Amino acid sequence: MTAPFNPPAADLAGKPKVTPWVPPPTSKLDIDWAKLRTIDLSILDNPDPTVVQDLVDTCRVAIRDDGFIFLEHYGISIEQLHRQFDIAQYLHQHISDEDKERLHWNPDESGTFAGWKPMWGWRSKNGPVGQGYFRQALYYASDDVVHAKGKGTRMNGHCDFGTTTMLFSVPISSLQIWGRDEQWRYVPYKPGSLVINIGETLELVSGGHFRATRHRVVDPPADQLSSDRLSLVLFQASEGDLRMEPAYQSPLLQREGCFDSQGAYREFKRLRERGVPIPTNRQWREVQIADAHHPTDAAPNDKIVVKEGKRFIQREYLGVNILLPA
Ligand SMILES: O=C(O)CCC(=O)C(=O)O
Ligand SMILES: [Fe+2]
């Protein structure tokens, strides 16, 4: 049984009055949505062990094959969830120019990924230490200048470098995942649910049993182009000093060994075989954050390679080659 989430009341004295966020309309277009499995946590309370076992089996397949999973009935009501959107909307509507400047994302000095980021034209240079954090992002309605500069991409294709990421499912469809059939597909909206996205650290630690799936953010479908998109995301941190190594002592790896078909795990295995030192969690995320580019900026570490007629972006971090669909 999940413990009830019981935050302080919204109308406590001294709290600002926050206007409710109204979910924008979903896309009515006929879209070939990504098909994700759902983990309904309330099933864990079911007295029938076969029903619970079914959930466990679904979970295992979703973790290994999809890496993107809907989570439902996790102990937070849709009203409580929407309050987080109210607050995010309030933040973006009320933040002053002075606070934008004071809190401007400055990884070189703050050493974190947190901070206010403009629509484009990020100032970051080098050396940030990415920690787990909660992000309230506002993707503005499609803008001709940004569209032309970024060619419709709002965040370049990537795998999250941490353990798990919790994305609040949102009505404006911009998030796309790269399927096993090498096609980008939009993630559909499932009101009130969280989209759990497995990151590279977990793929590595689990010896490839958990799949980190590539994803990106693009302009929404044609009927949503004029809507702003609020996106609330919780990134889970990992211990910076740990090496990006599988947890060989885990009962699962002892029993089944490592699962060799996947991205990050396979790349790191090659590194080990070549005798190159395995980076720590901190080194791995720092090198990636330092290289994070807004799609409107040049990305000097990117190389285009063509494999079997398909164009890929190749990046190289600490001797590991990352291949992303272009
Ligand atoms: O805004 C989204 O839906 C996804 C953002 C994302 O993939 C990221 O920040 O890592
Ligand atoms: Fe991501």
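Treat the numbers as computed from the prediction; the structure is a model and nothing was measured.

### Details of the overall build of the protein chain
Then, in step 1: For the protein chain, the helix and strand inventory stands at nine helices and 13 strands.
Then, in step 2: The C-alpha radius of gyration computed for the protein chain amounts to 20 Å, which stays within 12% of the reference 20 Å derived for 326 residues, consistent with globular compactness.
Then, in step 3: By principal-axis analysis of the C-alpha atoms, the protein chain measures approximately 60 × 55 × 40 Å.
Then, in step 4: Counting every position in the protein chain, which comprises 326 residues, the buried fraction comes to 43%.
Then, in step 5: Summed over its atoms, the accessible surface of the protein chain is roughly 17300 Å², and 54% of this surface lies on carbon and sulfur atoms.

### Here's the deal with the confidence of the model for the protein chain
Then, in step 1: Within the protein chain, residue pLDDT values average 86, and 93% of them lie at 70 or more.
Then, in step 2: Both scores are available for the predicted complex, with the pTM at 0.87 and the ipTM at 0.99.

### Focus on the nonpolar core
Then, in step 1: Of all hydrophobic cores here, the largest spans 19 residues; its most connected members are Ile69, Leu71, Leu81, Phe85, Phe168 and Leu194.
Then, in step 2: Those elements that place two or more of their residues in this core are helix H1 (49-66), strand S2 (68-72), helix H2 (78-94), strand S8 (194-198) and strand S10 (229-235).
Then, in step 3: Discounting chain neighbours no more than four positions away, the residues touching Leu194 are Ile69, Phe70, Leu71, Tyr74, Leu81, Met166, Leu167 and Phe168.

### Quick notes on the layout of surface pockets
Then, in step 1: The volume enclosed by the second largest pocket comes to roughly 740 Å³.
Then, in step 2: If you go around the second largest pocket, you meet 29 residues; those closest to its centre are Glu182, Arg214, Gly263, Arg266 and Leu323.
Then, in step 3: Mapped by element, the contributors of at least two residues to the lining of the second largest pocket are helix H6 (200-205), helix H8 (263-273), strand S11 (303-307), strand S12 (310-317) and strand S13 (320-325).
Then, in step 4: When its residues are assigned to classes, the lining of the second largest pocket shows ten nonpolar, seven polar and twelve charged.

The rules behind each value
- Going along each chain's sequence as written, the residues are numbered from 1 onward.
- Ligands are numbered from 1 and chains lettered from A, in the order in which they are written.
- Confidence filtering applies because this is a predicted model: local features only for residues at pLDDT of at least 70, side-chain atom pairs given and counted only at 80 or more, and all residues used for totals across whole chains, interfaces and linings.
- No hydrogens and no water enter the side-chain calculation; it runs on all heavy atoms of the structure.
- Strands here mean DSSP runs of E at least two residues long; helices mean DSSP runs of H or I at least four residues long; both are numbered from the N terminus.
- Computation of the radius of gyration draws on C-alpha atoms, with the globule rule given as 2.2 Å multiplied by the number of residues to the power 0.38.
- Accessible area is worked out with a 1.4 Å probe on protein chains only. A residue is then buried under 20% of its type maximum, exposed over 50%, and partly exposed in between.
- In this description, accessible areas are obtained by the Shrake-Rupley approach with a 1.4 Å probe, and a residue is regarded as covered only by the protein chains that are shown.
- In predicted models, pLDDT denotes the confidence assigned by the predictor to each residue on a 0 to 100 scale.
- Nine residue types can take part in a nonpolar core, namely buried Ala, Val, Leu, Ile, Met, Phe, Trp, Tyr and Cys, and a core is a set of them joined through side-chain atoms within 4.5 Å.
- Residue contacts are counted whenever heavy atoms from the two residues lie within 4.5 Å of one another.
- Lining residues are defined by having an atom within 4 Å of a point belonging to a cavity or pocket. Those points lie on a 1 Å grid over the protein atoms alone, cavities being sets where a 1.4 Å probe fits but cannot get out and pockets being open sets with protein on both sides within 12 Å along at least five of seven lines.
- Grid points are joined across faces, edges and corners, and a volume is the space filled by probe spheres set on the points.
- Ten residues, namely Ala, Val, Leu, Ile, Met, Phe, Trp, Tyr, Cys and Pro, are considered nonpolar, four, namely Asp, Glu, Lys and Arg, are considered charged, and the remaining ones, Gly among them, are considered polar.

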